[in-house]
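Residue strings, one per chain:
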Amino acid sequence: MNWNPDLIQEVRKRRPLVHQITNEVTVNDCANITLSCGASPVMAYAPEEVAEMAALASALVLNIGTLNANQVESMIQAGRAANEKGIPVVLDPVGAGATSFRTDSAKRLLEKVHISHLKGNAGEIATLAGEVSQVRGVDSGEVDHIRTIAVRAARKWGLTIIVTGEKDVITDGDKWVEVSNGHPLMATVTGTGCMCAPVVAAFAAVSNDPVAASVAAMVTYGIAAEQAGRVAEGPGSFRWRLFDALHALDGEGVRDSAQVQSG
Ligand SMILES: Nc1ncnc2c1ncn2[C@@H]1O[C@H](COP(=O)(O)OP(=O)(O)O)[C@@H](O)[C@H]1O
Ligand SMILES: Cc1ncsc1CCOP(=O)(O)O
Ligand SMILES: [Mg+2]
């Protein structure tokens, strides 16, 4: 699998604008992680402006973490504008499987918008793929055969899937890649899942290869987390050290510590 450890440098050079319609729990962390990787965030939700903003952006993130019916309509409008412009659209189906409103809304977004990247934990992805799975609030239970499920779903929907967890699985239904970078403290801070989406979006904005961009994004983010985790004293310092580590990371650091397996 060919991917570019220097893609972070391209993000910094081109500074893509990443429009995000996201949840109210982790919105500030999503804006800051976007800046730390060298891209530029803008959060805009009003139906009066979402299409215009998406048309200005280089990538769009849709995160249903604290969704309501009006917000889902805004997401569809923004998604359609993004599709017309041909920019990547990353969907984070937070909590799909926990309630039928979340599951149905995520499915509706997959139907009405051409999503380029679907990023979720194993429970969320398995739910959307039609498998029985456990999602407790926004957290995933164990899912057997997640790689097979993700490969099949990516092929069916024609998109790239990123399944997060201790190891991340990335697939377009043809290739699959496993990224082992990351740190256990990530599971102790809310938002470490949400923050993957703007990082993936920023990398996808400067690449023509959706899988390679996702691999570079998840490896880079995971290595920043490893560096933060080595010096953190707990969840609080881990969170701010993650921004510092990603901000300081360069292509050489990514190349040296990448843990990628492909097939
Ligand atoms: N035990 C772990 N060890 C290393 N990295 C982890 C671990 N758990 C989660 N991660 C990482 O944390 C991020 C969020 O993943 P996850 O916890 O699955 O998302 P969510 O918070 O949406 O459920 C991903 O980058 C993933 O690789
Ligand atoms: C706790 C919570 N509740 C609704 S959205 C949200 C944040 C989820 O963040 P992540 O998926 O990154 O754990
Ligand atoms: Mg999540």
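Further up the page is the structure itself.
Residues numbered from 1 in each chain as written. Chains lettered and ligands numbered in written order. Predicted model: local features only at pLDDT ≥ 70, side-chain atom pairs only at ≥ 80, totals over all residues.

Trainee: So what exactly am I meant to see when it comes to the overall build of the protein here?
Mentor: Tallying secondary structure elements over the protein gives 11 helices and 11 strands in all. Scaling as 2.2 N^0.38, a compact globule of 263 residues should have a C-alpha radius of gyration of about 18 Å, and the protein matches this with 16 Å. Along the first, second and third principal axes, the C-alpha set of the protein runs to 40 × 40 × 35 Å. Burial status across the protein gives 56% buried among its 263 residues. (Helix = DSSP H or I, 4+ residues; strand = E, 2+ residues; numbered from the N terminus. Rg over C-alpha atoms; globule rule 2.2 N^0.38 Å. Buried ≥ 20, exposed ≤ 12 C-beta atoms within 10 Å, placed from the backbone.)

Trainee: What is the right way to read unusual backbone geometry from this model?
Mentor: It is generally the case that most residues other than glycine have a negative phi and that most peptide bonds are trans. Its identity as a non-glycine residue notwithstanding, Arg15 has a phi of 45°, on the positive side. Looking at where Arg15 falls in the secondary structure, it is placed in the loop between helix 1 (7-14) and strand 1 (17-21).

Trainee: Please clarify how the site of ligand 2 should be interpreted in this entry.
Mentor: Taken together, the residues surrounding ligand 2 are Asn23, Val25, Thr26, Gly65, Thr66, Val94, Val138, Thr190, Gly191, Thr192, Gly193 and Cys194. A class-by-class count of the residues in the shell around ligand 2 yields four nonpolar, eight polar and no charged. (Near = placed C-beta within 6 Å. Nonpolar A, V, L, I, M, F, W, Y, C, P; charged D, E, K, R; others polar.)

Trainee: Would you mind going over the site of ligand 1 with me for this structure?
Mentor: In the region of ligand 1, 17 residues are neighbours, and Asn121, Thr164, Gly182, Met186 and Gly193 sit closest. For the shell around ligand 1, a count of residues per class yields five nonpolar, nine polar and three charged.

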